[in-house]
Amino acid sequence: MLATIAAASFLTACSDDDKAKAAALTVSDQWVKAAPSGMTAMFGTLKNDGDSEIRIVSGTSDVAGKVELHEMVDEGGQRIMREKTGGFAIPAHGTVKLAPGGEHIMLMDLKKPIVAGETVVVTLRLADGSTHKVSGVARDFAGNEENYQP
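Residues numbered from 1 in each chain as written. Predicted model: local features only at pLDDT ≥ 70, side-chain atom pairs only at ≥ 80, totals over all residues. Heavy atoms only, no water.

Novice: What's the story with the side chain of Glu103 in this structure? I'm lost.
Specialist: Along the polypeptide, Glu103 turns up in the loop between strand E7 (95-98) and strand E8 (104-110). For Glu103, the side chain forms a polar contact with the side chain of Lys84, separated by 2.8 Å. Discounting residues that sit within four places of it in the chain, Glu103 has contacts with His70, Glu71, Lys84, Phe88, Val96, Lys97 and Leu98. (Helix = DSSP H or I, 4+ residues; strand = E, 2+ residues; numbered from the N terminus. Polar contact = N/O pair within 3.5 Å; in protein donor to acceptor, adjacent residues only side chain to side chain. Contact = heavy atoms within 4.5 Å.)

Novice: It is not clear to me how the nonpolar core should be interpreted in this structure. Could you clarify?
Specialist: In globular proteins that are soluble, nonpolar side chains generally tend to be buried together. In terms of nonpolar packing, the biggest core is built from 26 residues, with Leu46, Ile56, Ile105, Leu107 and Val122 touching the most fellow members. For this core, the leading source of residues is strand E9 (residues 119-126), giving four residues. Leaving out residues up to four positions away in the same chain, Ile56 has contacts with Leu25, Leu46, Leu69, Gly86, Gly87, Phe88, Ile90, Leu124, Arg125 and Leu126. Within the second largest apolar cluster, six residues are counted, among which are Trp31, Ala41, Met106 and Met108. (Core = buried A, V, L, I, M, F, W, Y, C linked by side-chain atoms within 4.5 Å. Buried < 20%, exposed > 50% of the residue type's maximum accessible area, 1.4 Å probe, protein only.)

Novice: Got a minute to help me understand unusual backbone geometry in this structure?
Specialist: Most of the time, phi is negative for any residue but glycine, and the peptide bond is trans. Its identity is not glycine, yet His93 carries a phi of approximately 60 degrees, on the positive side. Unlike most non-glycine residues, Asp109 shows phi in positive territory, near 55 degrees. On the secondary structure map, Asp109 appears in strand E8.

Novice: What exactly am I supposed to notice about the pattern of salt bridges here?
Specialist: Oppositely charged side chains can pair when the atoms bearing their charge come close. For the structure shown, the criterion picks out eight salt bridges. Across the pair Arg79 and Asp74 runs a salt bridge, and its minimum N-O distance is 3.7 Å. Its salt-bridge partner being Glu103, residue Lys84 comes within 2.8 Å of it at the nearest N-O pair. One end of the pair, Lys84, is in the loop between strand E5 (78-83) and strand E6 (88-90); the other, Glu103, is in the loop between E7 and E8, with 19 residues separating them in the sequence. Relative accessible area serves as the criterion here: at 22%, Lys84 is assigned to the partly exposed category. (Salt bridge = Lys/Arg side-chain N within 4 Å of Asp/Glu carboxyl O.)

Novice: I tried to follow the packing of aromatic side chains on my own but got confused; where do I start?
Specialist: For any pair of aromatic rings, the description consists of the separation of the ring centres together with the inter-plane angle of the planes. Under the defined criterion, the tally for this structure stands at two aromatic pairs. Where Trp31 meets Phe43, the ring centres are 4.7 Å apart and the plane angle is 40 degrees; that geometry is what we call tilted. Here Trp31, found in strand E1 (residues 25-33), pairs with Phe43, found in strand E2 (residues 40-48); they are 12 residues apart in sequence, far enough to count as distant. For the pair Trp31 and Phe43, one class covers both residues: buried. One residue, Arg139, lies across the ring of Trp31, its end atom 3.8 Å from the ring centre. (Phe/Tyr/Trp six-rings, centres within 6.5 Å; stacked < 30°, edge-to-face > 60°. Lys NZ or Arg CZ within 6 Å of the ring centre and 35° of its normal.)

Here's what the structure looks like:
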């Protein structure tokens, strides 16, 4: 009951502009890499149909102890993965592609195995405080030879 009241209070506190930004965000072609434990990632295409930038700053998921927004960068001649400072900025009427070997939503400290065919839900938090739920189906993927283990 308290959670329902808190959620209603939060939604009431959102301005029309905040709701418009959350509504302007769409995610397509989203999927999650199946993983037995540790870490995995969500990929897809983020699209902003609005007239101003949308910035995704964090996320949560029931299947992970922690969710981070990551990028791959060249450092010392090697490709490394790191948390993306400032999150993902999606320009007005623009897109950001989340893909293996590039930017992605990192699911860390998995609470259970993520098996192919399972639906994973991630709640994205925007810089304006609004949220947007995204669900993606897990699939087996060995491309890029990525290893999300520390």
